[in-house]
Every structure is written in C-alpha cells, then in structure tokens.
2 protein chains.
Amino acid sequence: MAGKPVLHYFNGRGRMECIRWLLAAGGASGAPGGDGRLMFQQVPMVEIDGMTLVQSRAILNYIATKYDLYGKDAKERALIDMYTEGILDLSEMMLQVVISLPEQREAKISLVKEKTKNRYLPAYEKGPNGEAQHVDGEEQAQLKKCSKLQQDKGLDRYYGITNTRETE
Amino acid sequence: MAGKPVLHYFNGRGRMECIRWLLAAGGASGAPGGDGRLMFQQVPMVEIDGMTLVQSRAILNYIATKYDLYGKDAKERALIDMYTEGILDLSEMMLQVVISLPEQREAKISLVKEKTKNRYLPAYEKGPNGEAQHVDGEEQAQLKKCSKLQQDKGLDRYYGITNTRETE
C-alpha cells in the first residue's frame with residue numbers, strides 16, 4: 001500500500017466525496033486517516049506523494065494533473081475549471097442547507113432548486129458559447145464528468161431534481 | 001490593443017480585483033467591458049485569447065499559466081493553490097461582511113478578525129510542514145504574493161489588522 005493517498009476527513013461524504021470520485025477516475029483510491037497537520041486547520045486533508053495537501057481545489061487539481069484528467073493545454077483546463085467551479089458553487093450552496101437553521105431551511109432549499117434548474121444544469125447542456133453539445137463527449141473532460149455524476153446523485157437524492165437528460 | 005483581455009464586472013473591486021492584480025504581475029492589463037454571455041450568469045467574466053471565461057478560479061488559473069506565474073511542476077502548483085485558496089476563503093468571509101444584515105455585521109467582523117489572526121496569517125509565516133520560512137522568497141510563487149498583497153491592503157483598510165511582518 002506504499003504510496004496510497006491517505007484521506008483525512010470527518011466520517012461522511014461532504015467535501016471529500018469529489019476527491020474520492022476523482023481518485024477513482026484515475027484508477028486509484030485512498031486510505032482513511034485521522035486529522036493531521038493542517039495548514040489552515042481544515043479538512044479535507046490528503047497525504048499524497050510526500051505532501052500534506054489541504055483545500056479541496058488544491059487537492060483536486062493535483063490529482064487531476066497526476067492522473068492526466070485535466071485537459072491537454074491551458075485552454076482545455078480553463079474549460080474544465082469553469083464547469084467544475086460551477087459544480088463546486090452548487091455543492092457549496094447545498095452544504096449551506098445542511099448546516100442552516102431550521103427556519104432558514106425551506107428558503108435555502110428553494111434557492112438550490114431554482115438555481116440548479118435555471119442556472120447550473122442548463123450550462124451543462126450547452127457549450128460556453130451557447131452551442132448545443134454533449135458535454136461528456138470528450139475523454140479529456142473526465143474531471144467534469146466525475147463532478148457531474150456526483151452532483152446528479154446528490155440532486156436526485158436530496159432535492160428531487162433530475163437532470164434534463166439521462167445520465168450514463 | 002488587439003488581444004487585450006476584456007474584464008466584465010460591476011463598477012468595483014470585489015472578485016475582479018485579484019484578477020487585475022494577477023494580470024499586472026504578468027505585465028499585462030485588461031480593458032473594462034459590460035456584461036456579456038455568462039456560462040453561469042455570473043461576473044467576473046473575462047474575454048481572453050478568444051475565450052469567454054467565468055468563475056474566478058478558472059480565470060486566475062488561466063492567467064497564471066499564461067504568464068508563467070504558476071510554478072514549475074504539479075507539486076509547486078499544489079503549494080500555490082493551497083496558499084491562494086486560503087486567501088480566497090478569507091476574502092469570501094470578508095465579502096460576507098459587506099453583504100450582511102446590519103445586526104449580523106459585528107459578529108461577522110469579529111469572526112474575520114479572529115480567523116485572520118489565528119488561522120490564516122500564521123499559515124503564511126511558516127511552511128506547510130510547520131517550518132519557519134519567508135513565503136515570498138521564491139519567484140515562482142508570484143501568484144501567492146499577489147493575493148497576499150491584495151489581502152493585506154483590505155485587512156489593513158477595513159479591519160484594522162496588520163500583518164505580523166512587514167510587507168515589501
């Protein structure tokens with residue numbers, strides 16, 4: 001098991017889940033770990049290749065680069081970044097529901113539903129310049145696909161939102 | 001001025017400010033633009049190299065790559081990502097103060113002050129493994145430096161927090 005990344009997180013999916021998905025897309029997996037040395041006193045934290053990484057995006061970018069899931073040049077990476085940042089924005093909004101006060105819950109769920117249907121999912125149905133496209137069509141965009149699938153699962157389970165097209 | 005990036009944003013600093021700083025660090029500048037086609041109906045948006053980029057991090061990563069301000073390999077980029085993500089977390093907390101209700105303001109400002117002094121700034125005083133270091137020492141970490149300087153400015157002006165060491 002030498003070299004297997006060690007994943008430090010709470011006992012839950014949360015912000016570590018997309019990291020687990022991305023490792024899986026790269027054909028790897030992580031071993032669970034406790035809390036360790038944290039740069040900003042935060043989890044998720046991942047020990048990988050002799051480094052102690054914190055910050056979800058730093059971890060995701062490193063794994064995506066390591067397993068060649070991050071596009072062939074800066075322009076492809078920019079496109080992948082845009083799609084994944086959109087998903088992370090949406091995830092963050094959903095996490096806010098989980099930690100919200102009971103009296104704010106309904107309003108936050110409505111906001112998630114509205115933005116998911118009208119802002120986020122439509123962006124995945126078309127290209128950055130508005131043209132129709134099948135966003136999962138390119139192998140290089142695996143990173144995007146992982147985030148997308150993860151999100152579909154959460155949307156379906158927690159918010160009753162189904163994507164407008166079938167998920168593979 | 002052919003090829004000059006066009007920056008679409010509100011009339012203010014906000015989330016576009018670190019993009020302006022990073023362009024300046026790369027020896028470039030942007031021209032102001034109105035709102036345009038937005039993938040997730042959001043600003044900041046930047047037109048650059050024939051692309052329409054949204055999402056702050058997608059824009060920052062692209063500019064950092066283009067102007068060679070993003071480290072020499074994946075490990076250096078991971079380190080830069082960690083530092084900049086910390087600063088973006090802090091910035092986000094500060095933005096929440098600006099848009100908060102009057103009765104929440106004081107509590108949010110206290111939170112910013114506490115986390116800045118005890119969590120974020122100390123991380124910039126030492127390396128990822130706790131060793132003392134001068135984080136601005138390496139040229140490759142210019143991206144980190146830009147974010148840092150931007151933040152010092154805001155911290156000083158809005159929160160009365162001065163960094164524990166001198167800023168160049």
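Going by the structure above, here's the rest.
So, a few notes on the structure that sits alongside this text. Everything numeric in this text was worked out from a predicted model, so none of it was measured.

Quick notes on the rules
Residues numbered from 1 in each chain as written. Chains lettered and ligands numbered in written order. Predicted model: local features only at pLDDT ≥ 70, side-chain atom pairs only at ≥ 80, totals over all residues. Heavy atoms only, no water. Helix = DSSP H or I, 4+ residues; strand = E, 2+ residues; numbered from the N terminus. Contact = heavy atoms within 4.5 Å. Areas by Shrake-Rupley, 256 points an atom, 1.4 Å probe, with all protein chains shown as cover. Pairing = 2+ DSSP bridges. Axes fitted to C-alpha atoms, helices over the stretch in contact; angles between N-to-C directions. Least-squares fit on C-alpha atoms with pLDDT ≥ 70 in both. Salt bridge = Lys/Arg side-chain N within 4 Å of Asp/Glu carboxyl O. Buried < 20%, exposed > 50% of the residue type's maximum accessible area, 1.4 Å probe, protein only. Parallel < 35°, antiparallel > 145°, perpendicular 65-115°, else oblique. Left-handed = near helix turned anticlockwise from the far one by under 90°. Nonpolar A, V, L, I, M, F, W, Y, C, P; charged D, E, K, R; others polar. Buried area = accessible area lost by both parts, 1.4 Å probe. Polar contact = N/O pair within 3.5 Å; in protein donor to acceptor, adjacent residues only side chain to side chain.

Turning our eyes to something else, we now look at the overall build of chain A. Secondary structure summary: chain A contains five helices and four strands in total. Intrachain contacts of chain A at a sequence separation of at least 6 include 61% that bridge at least 24 residues. When the accessible area of chain A is evaluated, it comes to approximately 8,400 Å², of which 51% is carbon and sulfur surface.

Residue and element names in this part refer to chain A. The sheet built from four strands is open, its strands ordered 2-1-3-4 with mixed pairing. The strands lining the two open edges of the sheet, one partner per strand, are strand 2 (31-33) and strand 4 (51-54). Sheet twist, expressed as the average angle between the axes of neighbouring strands with direction ignored, equals 25°. Along the sheet, helix 2 (residues 56-66) contacts strand 3 (45-48) and strand 4; its crossing angle with strand 4, the most-contacted strand, is approximately 125°.

Okay, the relation of the copies chain A and chain B next. It takes a turn of 180° to lay chain A on chain B, together with a shift of 0.0 Å along the axis; the resulting RMSD is 0.0 Å. When the rotation and shift are considered jointly, the pair of chain copies conforms to a two-fold rotation axis. For chain A, the minimum C-alpha distance to the rotation axis belongs to Arg57(A) and amounts to 4.7 Å. Taken together, the interface assignments show that 100% of the residues at the interface of chain A recur at the interface of chain B, consistent with an identical surface on both copies.

In this section: the pattern of salt bridges. Taken as a whole and assessed by the stated rule, the structure comprises 14 salt bridges over all chains. Close ionic contact of Glu85(B) with Arg57(A) constitutes a salt bridge, the shortest N to O distance being 3.8 Å. Highlighted residues: Glu85(B) in helix 3 (residues 74-98) and Arg57(A) in helix 2, drawn from two different chains. With respect to burial, Glu85(B) and Arg57(A) carry one shared label: buried. Between Glu92(B) and Arg15(B) there is a salt bridge; the shortest N-O distance is 2.6 Å.

Pairs of packed helices are described in terms of their axes, by the angle between the two and the distance that separates them. Packing of helix 3 (residues 74-98) of chain A against helix 2 (residues 56-66) of chain B brings their axes to within 8 Å, and their N-to-C directions diverge by 160°. Classified by the angle their axes make, helix 3 of chain A and helix 2 of chain B are roughly antiparallel. As helix 3 of chain A packs across helix 2 of chain B, the resulting crossing turns out to be right-handed. Contacts from Ala74(A), Lys75(A), Arg77(A), Ala78(A), Asp81(A), Met82(A) and Glu85(A) in helix 3 of chain A reach Arg57(B), Ala58(B), Asn61(B), Tyr62(B) and Thr65(B) in helix 2 of chain B. For the contact of helix 3 of chain A with helix 2 of chain B, a count of residues per class yields five nonpolar, two polar and five charged.

Okay, the interface of chain A and chain B next. Contact with chain A, which involves 34 residues of that partner, is made by 34 residues of chain B. Across the chain A to chain B interface the summed buried area is about 3,100 Å²; carbon plus sulfur atoms make up 59%. Linking chain A to chain B there are two salt bridges. Linking chain A to chain B there are six residue pairs in polar contact (both at pLDDT 80 or more). Counting only elements with at least two residues in the side of chain A that touches chain B, the list comes to strand 4, helix 2, helix 3 and helix 4 (102-125) of chain A. Per element, the largest residue contribution to the side of chain A that touches chain B is ten residues, and it comes from helix 3 of chain A. Class assignment for the residues of the side of chain A that touches chain B results in 16 nonpolar, nine polar and nine charged.

So, on to unusual backbone geometry. A negative phi holds for most residues other than glycine; trans holds for most peptide bonds. The backbone of Asp49(A) sits at a positive phi, close to 50°, despite the residue not being glycine. Along the polypeptide, Asp49(A) turns up in the loop between strand 3 and strand 4.

A few words on the sheet that holds strand 3 (residues 45-48) of chain B. Sheet strands pair via backbone hydrogen bonds, and the direction of the pair is either parallel or antiparallel. Residues and elements named next belong to chain B. As summarised here, the arrangement of the four strands in space is 2-1-3-4, forming an open sheet in which the pairing is mixed. Looking at which strands have only one partner, the edges of the open sheet turn out to be strand 2 (31-33) and strand 4 (51-54). Geometrically, the sheet is characterised by an average inter-axis angle of 25° between neighbouring strands, direction not taken into account.

A separate point is the pairing of strand 3 of chain A. On a regular strand, one side chain projects to one face of the sheet and the next to the other, so that they alternate. All names here are of chain A. Note: strand 1 (residues 6-8) against strand 3, three bridges, orientation antiparallel. Residue pairing in the sheet places Leu 7 in a bridge with Val 46 of strand 3. In this structure, strand 3 lies alongside strand 4, joined through four bridges in antiparallel fashion. Bridge assignment links Val 46 to a residue of strand 4, and that residue is Leu 53. Linking strand 3 to strand 4, which pair antiparallel, is a turn of two residues; within it Asp 49 sits at a positive phi near 50°.

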